[in-house]
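What the coordinates show
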Amino acid sequence: MNLVKNLNKSLAHLKSILALILLCWCFSANAQKVGLGAAGSKPSSAAANLGIDPANPKEFTIAEVTVSGTQFLDPNSMVSISGLKPGDKIRVPGPAIPSSIRRMMDFGTLNDVEIMATKVEGEKIWLNIHIKERPRLYKVSFSGIRKGERETLNDKVKLIKGRVITPTVIKNTQLVIKKYYMDKGFYNTKVKVLQIPDSTRGQATLNFTITKGKKVKIEKIDIEGNTAVSDKILKRKMKGTKQKRIGRLFNPSKYIPKKYDEDKEKLIAYYRKNGYRDATIEFDSIKNGEETISIVMKIDEGTKYFYRDISWSGNYLYTSAYLSERLGVKKGDVYNPEELDKKINGIPGADVSSIYMDDGYLYFRIEPTEKAVEGDSIDVELRMFEGKQATINRILLNGNTKTSDRVVLRELFTLPGQKFSKTEIINTQRQLSQMGYFDPEKIQINPIPNQQDGTVDIEYTVEEKPSDQIELSGGWGGYIGFVGTLGLVFNNFSLKNIPNRETWRPLPSGDGQKLSLRFQANGKQYQTYSLSFSEPWLGGKKPINFGVSLQRTVYRMTDYRSIYGGSRNIDYRGGYYNNGITLSLGRRLKEPDRNLVMTHSLSYQRYRLDSLDIFRIGYNTGSSNNISFNTTISRNTLSDFQFPRNGSNISLSGTFTPPYSLLRKKEFTDKTDTYRWVEYHKWMFDASYYATITGKLVLSARTHMGFLGAYGDKVGYSPFGRFIVGGSGLAGQGSFSLADQDIIGLRGYQDQKVGPQNADGFPASGGGIVYNKYVMELRYPVSLNPQATIFILGFAEGGNNWGTYKEFNPFDLKRSAGVGARIFMPAFGLLGIDWGYGFDKIQGEPKRSGPQFHFTIGQQIR
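Here the structure is a predicted model, which means the values were calculated and not measured.

So, how was this worked out
Residues numbered from 1 in each chain as written. Predicted model: local features only at pLDDT ≥ 70, side-chain atom pairs only at ≥ 80, totals over all residues. Heavy atoms only, no water. Helix = DSSP H or I, 4+ residues; strand = E, 2+ residues; numbered from the N terminus. Buried < 20%, exposed > 50% of the residue type's maximum accessible area, 1.4 Å probe, protein only. Contact = heavy atoms within 4.5 Å. Phe/Tyr/Trp six-rings, centres within 6.5 Å; stacked < 30°, edge-to-face > 60°. Axes fitted to C-alpha atoms, helices over the stretch in contact; angles between N-to-C directions. Parallel < 35°, antiparallel > 145°, perpendicular 65-115°, else oblique. Nonpolar A, V, L, I, M, F, W, Y, C, P; charged D, E, K, R; others polar. Polar contact = N/O pair within 3.5 Å; in protein donor to acceptor, adjacent residues only side chain to side chain. Pairing = 2+ DSSP bridges. Patch = residues over 30% accessible without salt bridge, like charges linked within 9 Å, V, L, I, M, F, W, Y side chains within 5 Å. Areas by Shrake-Rupley, 256 points an atom, 1.4 Å probe, with all protein chains shown as cover. Salt bridge = Lys/Arg side-chain N within 4 Å of Asp/Glu carboxyl O. Lys, Arg positive; Asp, Glu negative; His and termini not counted. Charge placed at Lys NZ, Arg CZ, Asp CG, Glu CD. Left-handed = near helix turned anticlockwise from the far one by under 90°. Core = buried A, V, L, I, M, F, W, Y, C linked by side-chain atoms within 4.5 Å. pLDDT = per-residue confidence, 0-100.

Here the focus is the overall build of the protein chain. From N to C terminus, the protein chain includes 16 helices and 34 strands. Expressed as a percentage of the 862 residues in the protein chain, the buried residues total 44%. Counted over contacts in the protein chain with a minimum sequence separation of 6, partners at least 24 positions apart contribute 61%.

Inspection of every chain in the model, using the stated rule, returns 27 aromatic pairs. Geometrically, the ring pair formed by Phe656 and Trp683 is edge-to-face, given 5.1 Å between the ring centres and 80° between the ring planes. Highlighted residues: Phe656 in strand S25 (residues 647-656) and Trp683 in strand S26 (residues 681-694), separated in sequence by 27 residues. Judged by its relative accessible area of 29%, Phe656 is partly exposed. Look at Trp683 and you get partly exposed, because its relative accessible area is 38%. Grouped by ring-pair contacts, the aromatic residues Tyr318, Tyr322, Tyr356, Tyr361 and Phe364 constitute a single cluster.

Relative to each other, helix H3 (residues 75-82) and helix H4 (residues 96-106) sit at 125°, their axes nearing to 8 Å. By the angle class used here, H3 and H4 are oblique. On H4, the residues touching Met78, Ile81 and Ser82 of H3 are Ser100, Arg103 and Met104. Its residues placed into classes, the contact of H3 with H4 shows three nonpolar, two polar and one charged.

In this section: the environment of Lys89. Position of Lys89 relative to the elements: it lies in strand S2 (residues 89-92). Assessed through its relative accessible area of 57%, Lys89 is described here as exposed. Sequence-wise, Lys89 and Thr61 are 28 residues apart; in three dimensions their C-alpha atoms are separated by 4.4 Å. There is a polar contact of 3.2 Å between the side chain of Lys89 and the side chain of Thr61.

Before going further, it helps to examine the sheet that holds strand S10 (residues 292-300). If you walk across this open sheet you meet the three strands as S8-S10-S9, and the pairing is mixed. In this open sheet, the two edge strands, each paired with only one partner strand, are strand S8 (217-224) and strand S9 (280-288). Going from strand to strand, the sheet's axes swing by 15° on average, the running direction of each strand aside. Here S9 runs beside S10; their pairing, made up of eight bridges, is antiparallel. Paired with Lys287 across the two strands is Ser294, which belongs to S10. Here helix H8 (residues 257-273) sits on the sheet and contacts S9 and S10; the angle it forms with S9, its principal contact strand, is near 150°.

Take unusual backbone geometry next. Residue Pro93 is bonded to the preceding Val92 through a cis peptide linkage, with omega at -10°. Of note, Pro93 is situated in the loop between S2 and H4. The residue after Glu591, namely Pro592, is reached through a cis peptide bond having omega 0°. Looking at where Pro592 falls in the secondary structure, it is placed in the loop between strand S22 (571-588) and strand S23 (596-610). Unlike most non-glycine residues, Ser611 shows phi in positive territory, near 55°. Mapped onto the elements of the fold, Ser611 is located in the loop between S23 and strand S24 (622-636). Of note in this structure, Arg616 is not a glycine but carries a positive phi near 60°. Within the secondary structure, Arg616 is located in the loop between S23 and S24.

Let's shift gears to a positive patch on the surface. On the surface, Lys232, Arg236, Lys237, Lys239, Lys273 and Lys342 cluster together to form a positively charged patch. Sort the elements by how many residues they give to the positive patch and helix H7 (residues 231-237) lands first, with three residues. Tracing the backbone through its elements, the reader meets Lys273 in helix H8. Exposure remark for Lys273: the relative accessible area of 38% places this residue in the partly exposed category.

Helix H6 (residues 167-182) packs onto helix H5 (residues 147-157) with a crossing angle of 125° between their chain directions and a minimal axis gap of 10 Å. With respect to H6, the axis of H5 lies oblique. Crossing hand, H5 versus H6: right-handed. Between H5 and H6, the contacting residues are Glu149, Thr152, Leu153, Lys156 and Val157 on the first element and Thr173, Val176, Ile177, Tyr180 and Tyr181 on the second.

Right, let's get into a nonpolar patch on the surface. On the surface, Leu517, Leu531, Leu550, Ile581, Leu583, Leu602, Tyr604, Ile627, Phe629 and Trp677 cluster together into a nonpolar patch covering about 820 Å² of accessible area. Topologically, Tyr604 is positioned in strand S23.

Moving on to the nonpolar core. Judged by nonpolar contacts, the single largest core of 41 residues is most densely connected at Trp312, Leu327 and Leu432. Beyond its immediate chain neighbours, meaning those up to four positions away, Trp312 contacts Ser320, Leu323, Ser324, Leu327, Val352, Ile366, Leu382 and Met384. Phe615, Val678, Tyr680 and Tyr771 belong to the second largest nonpolar core, which has 30 residues in total.

It is possible for side chains bearing opposite charge to pair when their charged atoms get close. The tally for this structure, following the rule as stated, stands at 36 salt bridges. Here Lys442 and Glu463 are joined by a salt bridge, their closest N and O atoms 3.6 Å apart. Of this pair, Lys442 sits in the loop between helix H13 (422-435) and strand S15 (444-450) while Glu463 sits in the loop between strand S16 (455-461) and strand S17 (469-476), and the two are 21 residues apart along the sequence. Taking relative accessible area as the criterion, Lys442 reaches 36% and is therefore assigned partly exposed. One connected set of salt bridges, linked through shared partners, spans Arg702, Arg747, Glu777, Arg779, Glu797, Arg822 and Asp834.

Turning our attention to the pairing of strand S12 (residues 365-374). Across nine bridges, S12 lies against strand S13 (residues 377-385) in antiparallel orientation. By the bridge assignment, Val373 is partnered in S13 with Ile378. With antiparallel pairing between neighbouring strands as the criterion, S12 and S13 make up a hairpin whose turn holds two residues, including Gly375 at a positive phi of roughly 60°.

Our next topic: the confidence of the model for the protein chain. Mean pLDDT over the protein chain: 84, with 89% of residues reaching 70 or higher. Mean pLDDT values over the elements of the protein chain span from 40, in helix H1 (residues 2-26), up to 95, in strand S27 (residues 697-709). In the predicted structure, residues 1-34 sits below a pLDDT of 50 and forms 37 contacts with residues beyond four places in sequence or in another chain. Under a pLDDT of 50 for its full length, residues 731-735 has, in the predicted model, 22 contacts with residues more than four places off or in other chains.

The next thing to look at is the sheet that holds S16. Spatially, the three strands line up as an open sheet ordered S14-S16-S15, and their pairing is mixed. Pairing within the sheet leaves two strands with one partner each, and these edge strands are strand S14 (391-398) and S15. Here the strands of the sheet are splayed against their neighbours by 20° on average, with no regard to which way each runs. When S15 meets S16, the two strands line up antiparallel, connected through seven bridges. What sits directly across from Ile448, in S16, is Asp457. Along the sheet face, H13 touches S15 and S16 and points at about 20° away from the line of S16.

For the rest of this paragraph, the subject is the environment of Leu397. Residue placement: Leu397 occurs in strand S14. A residue is classified by how much of its surface remains accessible, and Leu397, at 18% relative accessible area, is buried. Each C-alpha atom, one on Leu397 and one on Val462, is 7.9 Å from the other, the two residues being 65 residues apart in sequence. Residue contacts for Leu397: discarding those within four places in its chain leaves Asp405, Val408, Leu409 and Tyr460.

Set out below in structure tokens:
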């Protein structure tokens, strides 16, 4: 009996303990205490005071729900989140209160929640939700780093003032900071955070103390298991992971986990490109020291595979033999899935997919499938789905906020009603880039197929870039002194929108016309003005380019005796005056391809010499008239105007004046009579080629040639229209072009010094009559941002200029090499600086040209 009594007592105690545990569980969540009574009272006492028995749950109807403790949050929103509302029935104790607390804590902005019963009357209960909000961010500060790094980290972490501070926010910010420094080689970076509260405002400051430590270098990279490929080749493929060695400048040996992971993928990709389809990295380990680490990597190369048989299935339009010939993969070739995919889809106009997709088969696809693997041989079956032809239904255009739709649409090669063509889409993308109005990196083309009706909509998305330019510069122009230049180029001008003020940015724009104004002067001594306008689509229906340009040049030779002799007025010894007008008409040809453009121009130039022998041939006073007709054929396939990565630009032009001397029977009386009507024929050839070698590295190869001819011995070779070679190729600022001269740059040599010279060191007879020039450049972009396109280059070039055809030798070149940089800013155009070393002597100089610096403004054609 005593045993039974003791057992009953134990059970009674156990029930009491279980009831108390149940009460605590029912009103607590996430270690937050919940009471039914005043804050600070014991739950049991508060419950007893309100008549709530924890051991006997009872159902109540919520009479009212209030919220206390809010600072930033809306009380009504808190009630809504809690799920407790007047009229609801709940059991106390019961699951409703803990569930409500969990919902509120999951909201993420609360630090503490307590739900209390403030009043109980019969079956009604009044509840109060007391909350404690998490602090809001006041500011972020960084310790242990430089000011510049603090500014960079502010941009990286992107913590906005007023944001709720949660453990997740703090942890993520620490990870962002660590990753930033790990990417810079500080592998052992430590980040500590201190939260400084301001309870009066409910805000807090987060201070991150950063200990970067030293950069972790890679002491050694050990590669095991490789027999087919040497360590040297594999380490070379790891572009971002290099081990320490003396003299490593351009590829530092910092350990960056992200780049290491990328390099491991590159190793496997290299193996698979060479037939090792099963190659894997079995394991890799990193032995971490304080300042250096060592990497050990074991590779399982596997078997090298070859193609044994390539078969086709699903092809009905073309035979398997024709497709295999187009594919260009034969039995015995090394198995390379990447190259196979490229030959199927990756060579526009020359891959297998182009056969179909250029003929409208938009839904065409090929799935290469390994049909059999035996030993080191693989049979591949190319399973095809030809599908149906698709016709272009609509053209959708987005992003052209400045350029009108019709200007863009007229440049497209994909028109509604035509069959879909992948090559034409690529040609259209290049054409949009060449317009110069849009960022080439942001042009997006999205075909939207409509399989139900066999059509496709093509969506073009572009992003306008600044295309207008202003040139404001000054420089020392040698003999004529300081020269200032002001130039304005509006590349997207609109003549018809002049009355429409909404299109003025700052002038009316959007129609693709070009307006150019340029003024260059140093006072009265030297002045040149030019104004030009061009309309690329005359009449709006066909790509016929119409242009008109006006120019005036004034050059007066100063008598310096009037300056240094104390005279108040400057006297002039002579002058050169030139007025001219040019009309041009060009058309885009259709045959043999649409990239060909033929342009014709008619020009009239009037030159007046007033006691100034600019050619140094005894012709110092008189007027000369030049009526010339020019025909130019050009072909441009460059991928971009500012930094082309592929394509070519070829131009051949001929300029002809009437053969006055052949029509004249009388002999010329003097120089003035001889050159009253200028006569010559001039031929120019320019070619440039661009190709991407690897990554962003681009090869540029150019050649330029010019020939000046005469109609007979009566006049001989004209002093007008000759070639001036040497230096930067800059016209103006002391090296200005007179009398229709062509200025050709040759880095590493002084301006105007390559070619025939007279005793005074000036170009003899106005310059050479034949020149050639060859250029090779390696270019690498630093920034392709349209606001500032920057690239660096290394060059080797050679050229020469001859005064007679008897002396002409295309292999007798003045050679040079050097480095340079270019920066294109929409507001100022293209600016360049070069350092070149001339390896050869020029006429009249006893030693080689040596080092020279050159500064250029604008796009140099030659």
